[in-house]
Amino acid sequence: PVTRGHLDIIKRAAKINDQLIVAVLINSAKNPLFTVEERVALLRECCKDIPNVTVESFDGLTVDFAKKRHASVMVRGLRAVTDFQTNHALMPGIETMFLATSIKWSYLSSTIVKEAARYGSNISKFVTPNVENAIHAKVEQLRAEGKTL
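The shown structure was predicted, so the numbers you read here are calculated from the model rather than taken from an experiment.

*Asks:* Just give me the short version of the pattern of salt bridges, but keep the residues and values in it.
*Replies:* One pass over the structure, following the stated rule, counts seven salt bridges. Linking R12 and D8 is a salt bridge whose minimum nitrogen-to-oxygen distance equals 2.9 Å. Here R12 pairs with D8, and both are found in helix α1 (residues 4-16), just four residues apart, close to one helical turn. With a closest N to O distance of 3.4 Å, E145 and K147 form a salt bridge. Among the residues examined, K147 registers a relative accessible area of 47% and is labelled partly exposed.

Here it is as structure tokens:
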């Protein structure tokens, strides 16, 4: 799920780019908590007050999506330099701009949020209210179905 750390990067990137597309990967290799449609909807709600941000889903390589959208820059939170190296090798004409995670959110990940929610911890400081409500509803749904996160 989208965290306040993600939103920090999105807001900062929106200030330095004319248009920002938040791209949500359709990744069949992973089993995320939310469907792609749910993730897009949550992000759109979180970003609704940022006028130059749109949210879209895509399948395949990020560089191919960027090329189709005529992007000249990809913005990423700084976690893995190898991502930059691979993207640059695949599409040298598209630059990757890294924004360092704010110290305030440097410990935060979606995995931590899901784990905390699984055990009933308060996650309100990690996510926005709409995401918090969606996570709690999803956790309850999974429990009712006899599944775990």
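*Asks:* I'd love a proper account of α1, names of residues and values included.
*Replies:* In this model α1 runs 19 Å from its N-terminal to its C-terminal C-alpha over 13 residues, within 8% of the 18 Å that 1.5 Å per residue would give. Among the residues of α1, G5, L7, D8, I9, I10, A13 and A14 are the ones counted as buried. Summarising the contacts, the buried residues of α1 are in contact with β1 (20-25), α2 (36-47), β2 (53-58), β3 (73-77) and β4 (95-99). Where α1 begins, the side chain of T3 points an oxygen toward the backbone nitrogen of G5, at a separation of 3.2 Å.

The rules we used
- Residues numbered from 1 in each chain as written.
- Predicted model: local features only at pLDDT ≥ 70, side-chain atom pairs only at ≥ 80, totals over all residues.
- Heavy atoms only, no water.
- Salt bridge = Lys/Arg side-chain N within 4 Å of Asp/Glu carboxyl O.
- Helix = DSSP H or I, 4+ residues; strand = E, 2+ residues; numbered from the N terminus.
- Buried < 20%, exposed > 50% of the residue type's maximum accessible area, 1.4 Å probe, protein only.
- Expected span 1.5 Å × (residues − 1).
- Contact = heavy atoms within 4.5 Å.
- Polar contact = N/O pair within 3.5 Å; in protein donor to acceptor, adjacent residues only side chain to side chain.

Taken by themselves, the reported measurements are silent on function.
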